[in-house]
Amino acid sequence: MSDEKIPYIKWGDFHSKDKDSPDRIIIEVVDPTPFDSEYSTNVKVRVAENGNTEEKYLPLKSHESVNASLLKMWTENVKEGRIKKGTKLVVKTWLGLSKNNRPIRRYELEF
């Protein structure tokens, strides 16, 4: 199965701590339906990097994390019809602080 060789987007590769200057991931949706892997809930996307595109899995929520913000945003936008196969959007991400002053990954979707 060729799906086994598709890489995952690794949130640890994105280091911005500034909401006004977040890391930006330009994606095109291959399949908007989330699926579970051993470690996370994901969707299949095509990522634009350095003039090329590559299929990757976008983790929406780690099974070990309570941070479900990206999964919630994704699900709501799928229900509203804003995200479907072929949709192009930008995932903005940065490290913010939780209510308990701990680092937490934050997200915004830009259409």
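Scroll up to find the structure.
Note that the structure is a prediction, hence the values are computed from the model and not measured. (Residues numbered from 1 in each chain as written. Predicted model: local features only at pLDDT ≥ 70, side-chain atom pairs only at ≥ 80, totals over all residues. Heavy atoms only, no water.)

J.: For this particular structure, what's the right way to read unusual backbone geometry?
T.: Glycine aside, residues mostly have negative phi angles, and peptide bonds mostly take the trans form. We note that Asn50 has phi near 50°; this positive angle belongs to a residue other than glycine. Inspection of the secondary structure assignment puts Asn50 in the loop between strand E2 (40-49) and strand E3 (52-62). With a phi close to 65°, Asn101 is a non-glycine residue in the positive phi region. Take Asn101: it is sitting in the loop between strand E4 (88-97) and strand E5 (103-110). (Helix = DSSP H or I, 4+ residues; strand = E, 2+ residues; numbered from the N terminus.)

J.: How should the pattern of salt bridges be read in this particular structure?
T.: Between side chains of opposite charge, a pair can form when the charged atoms approach closely. Under the definition given, this model contains seven salt bridges. With a closest N to O distance of 3.8 Å, Glu55 and Lys44 form a salt bridge. Placement of Glu55 in strand E3 and of Lys44 in strand E2 is noted, with a sequence separation of 11 residues between them. Glu55 gets classed as partly exposed once you look at its relative accessible area, which sits at 28%. Overall, Lys44 belongs to the buried group, its relative accessible area being 15%. The partner of Lys56 in a salt bridge is Glu49, and the shortest N-O contact between them spans 3.4 Å. A cluster of three or more residues bridged by salt bridges with shared partners is formed by Glu28, Lys44, Arg46 and Glu55. (Salt bridge = Lys/Arg side-chain N within 4 Å of Asp/Glu carboxyl O. Buried < 20%, exposed > 50% of the residue type's maximum accessible area, 1.4 Å probe, protein only.)

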